[in-house]
Amino acid sequence: LSMKTSSGRERLVVGGWMVVAMMLMWSYSGTLISLLAVRHVPQPLQSIRDVVQDSSVTVIMEPGIIDNDIISKIKSGDLKDLNDLKYVGRMKYQLAKENPQSMNTLVRHQRHVILGTTLSTNLLIANLFAKTEKCDFYKARQTFFITHHCMIGQRGNPIVPAISHRLRGLVESGMYEHWLFNSIPFVTSCRLSPSKITVKEALTLKNLWGTLVLLAAGLLLAFASFCLELFLANDVFVEFSLKVPSEREVMNGTLENSN
């Protein structure tokens, strides 16, 4: 394709149009490839504030545990707002043994979240991963308070310091964490669920409908721009063709007609 340009302004317009066209083409092709190869997994709920502000989310908690008692005594902040959800019907209490079923029903298909300890949450996700081999669930980044696992003995009993010394040694050496991970298979498989995953599946109309819509919208916009250019070009041509002749041109025309 060749185009003759006589002035610097024409070259500037043509060059700018080519740069914009190439940038749009490269960005579209890159977006198309990324949409086909990489899928974004949304993880919007990462804190208590996110849960409170999303009016469509219902919180599932276990009744009669220390977490409920602590939250109910807080007078301000995010935890107070979390506790107030029970007054607007956004708090659901159920036993821990019902959580696996709720994960596959309420949490998977509806707007529900389970609020629990790190150990119980890891166990739920690990068990589901063992069955499906997929990380369909994620844990929020925020931890609102910390509780400790411990052995309780009678105050003043001389055996308590001996037990504490040995337990502290097991924890600091990493034996407790090692035994815990060995007792829960796949506990680390979904610990850091990525927000972007690589997709390997057959191309279908369902996968490509977004890109096709974008392509059709771009073609319609280009066609509208082309029609607008033709319309404006015709207006300019008519404007020049209807130019009123001068008096000298009229006189010359009269003399030619008489001759």
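Residues numbered from 1 in each chain as written. Predicted model: local features only at pLDDT ≥ 70, side-chain atom pairs only at ≥ 80, totals over all residues. Heavy atoms only, no water.

Filter applied, for reference: UniProt positions are given in the numbering used here, feature names are shortened, and annotations may be inferred rather than shown by experiment.
Going by an unreviewed UniProt entry, the protein chain carries the name Glutamate receptor ionotropic, delta-2-like 2 and comes from Homarus americanus. Entered under Subcellular location (unreviewed entry) in the UniProt record, the comment concerning the protein chain runs "Cell membrane".

**What about the overall build of the protein chain?**
We apply this condition: Think of it this way: any DSSP run of H or I at least four residues long counts as a helix, any run of E at least two long counts as a strand, and we number them from the N terminus. Think of it in three bands: residues with accessible area under 20% of the maximum for their type are buried, residues over 50% are exposed, and the middle band is partly exposed, with areas taken using a 1.4 Å probe on protein chains only. Two residues qualify as a contact provided that any one of their heavy atoms is within 4.5 Å of a heavy atom in the partner residue. Here the open area of atoms and residues is found with the Shrake-Rupley method and a 1.4 Å probe, where only the protein chains shown may cover a residue.
Helix and strand counts for the protein chain come out as 10 helices and five strands. Here the protein chain holds 259 residues, and the buried ones make up 16% of them. Within the protein chain, contacts between residues at least 6 apart in sequence are counted, and of these 72% link residues at least 24 apart. As displayed, the protein chain offers around 20,400 Å² of accessible surface, 63% of which is attributable to carbon and sulfur atoms.

**A look at the sheet that holds strand β3 (residues 91-93)**
Under the convention used in this document: Whether two strands pair comes down to DSSP finding at least two bridges between them. Lines fitted to C-alpha atoms define the axes here, with helix axes fitted over just the stretch in contact, and angles between the N-to-C directions of these axes take values from 0 to 180 degrees.
An order of β3-β2-β4 is seen for the three strands of this open sheet, with the pairing classed as parallel. The open sheet is flanked by β3 and β4 (112-114), the only strands paired with a single partner. Taking the axes of each pair of neighbouring strands and ignoring which way they run, one obtains an average angle of 25 degrees across the sheet. Alignment of strand β2 (residues 58-61) against β3, held across three bridges, turns out to be parallel. Looking at β3, one finds that Ile60 is bridged to Lys92.

**Regarding a nonpolar patch on the surface**
Note the threshold: Here, patches come from residues exposed beyond 30% relative accessible area and free of salt bridges, joined within 9 Å for like charges and within 5 Å for nonpolar side chains (Val, Leu, Ile, Met, Phe, Trp, Tyr). By definition, a salt bridge exists where a carboxyl oxygen of Asp or Glu is found within 4 Å of a side-chain nitrogen of Lys or Arg.
Residues Met151, Ile159, Ile163, Leu167, Leu170, Met175 and Trp179 make up a contiguous nonpolar surface patch of about 620 Å² in total accessible area. For the nonpolar patch, the secondary-structure elements that each account for two or more residues are α7 (159-172) and α8 (175-183). Sort the elements by how many residues they give to the nonpolar patch and α7 lands first, with four residues. The class of Ile159 is partly exposed, set by a relative accessible area of 49%.

**Side note on the nonpolar core**
Soluble globular proteins tend to pack their nonpolar side chains together in the buried interior. Basically, it comes down to this: By convention a nonpolar core is built from buried Ala, Val, Leu, Ile, Met, Phe, Trp, Tyr and Cys residues, the set being connected through side-chain atoms within 4.5 Å.
Leu45, Ile48, Val51, Val52, Val57, Val59, Met61, Ile71, Leu79, Leu82, Leu85 and Met91 form the largest nonpolar core, which has 12 residues in total. Elements supplying a minimum of two residues to this core: α2 (48-53), β2 and α4 (78-83). With three residues, α2 is the largest single contributor of residues to this core. Setting aside anything within four residues of it in sequence, one finds Leu45 in contact with Asp50, Val51, Asp54, Val57, Val113, Tyr138 and Ala140. Val107, Ile125, Leu128 and Cys190 belong to the second largest nonpolar core, which has eight residues in total.

**A closer look at the layout of surface pockets**
Here is the rule: Cavities and pockets are defined on a 1 Å grid built over the protein atoms alone: a cavity is a set of grid points where a 1.4 Å probe fits but cannot escape, while a pocket is an open set with protein on both sides within 12 Å along at least five of seven lines, and lining residues are those with an atom within 4 Å of any such point. Grid points are joined across faces, edges and corners, and a volume is the space filled by probe spheres set on the points. Asp, Glu, Lys and Arg are counted as charged, while Ala, Val, Leu, Ile, Met, Phe, Trp, Tyr, Cys and Pro are counted as nonpolar; the rest, among them Gly, fall into the polar class.
In this structure, the second largest pocket encloses a volume near 480 Å³. Together, 13 residues line the second largest pocket, and Ala21, Leu24, Met25, Tyr28 and Gly218 are the ones closest to its centre. Mapped onto the lining of the second largest pocket, the elements with two or more residues apiece are α1 (8-37) and α9 (205-241). Class assignment for the residues of the lining of the second largest pocket results in 11 nonpolar, two polar and no charged.

**A word on the packing of helix α5 (residues 99-109) against helix α6 (residues 118-132)**
Two numbers describe a pair of packed helices, the interaxial angle and the distance between the axes. In plain terms, the rule: For any pair of crossing helices, the crossing counts as left-handed if the nearer helix is rotated counterclockwise from the farther one by less than a right angle, and right-handed if it is rotated clockwise.
Between α5 and α6, the shortest axis-to-axis distance is 10 Å and the interhelical angle comes to 65 degrees. The handedness of the crossing between α5 and α6 is right-handed. Contacts from Asn99, Pro100, Met103 and Asn104 of α5 reach α6 at Leu124, Ile125 and Leu128. A class-by-class count of the residues in the contact of α5 with α6 yields five nonpolar, two polar and no charged.

**With respect to the pairing of β2**
Remark: a regular strand shows side chains that alternate across the two faces of the sheet. Burial along β2 is two-sided: the residues Thr58 and Ile60 and Val59 and Met61 are all buried. In terms of strand pairing, β2 meets β4 through three bridges, oriented parallel. By the bridge assignment, Thr58 is partnered in β4 with His112.

**With respect to α6**
Put simply, the test is: Given a helix with a known number of residues, its expected span is that number minus one, times 1.5 Å.
Spanning 15 residues, α6 covers 21 Å between terminal C-alpha atoms, matching the ideal 21 Å at 1.5 Å per step. Residues of α6 that are buried include every one of Thr121, Asn122, Leu124, Ile125, Ala126, Leu128 and Phe129, and no others. In the core, the buried residues of α6 are packed alongside α5 and β4.

**So, the confidence of the model for the protein chain**
Going by this rule: pLDDT measures the predictor's confidence residue by residue and takes values from 0 up to 100.
Per-residue confidence for the protein chain averages 78 on the pLDDT scale, and 78% of its residues sit at or above 70. In the predicted structure, residues 237-242 sits below a pLDDT of 50 and forms zero contacts with residues beyond four places in sequence or in another chain. Here residues 254-259 is modelled with pLDDT under 50, and outside its nearest four sequence neighbours on either side it reaches zero contacts, counting other chains as well.

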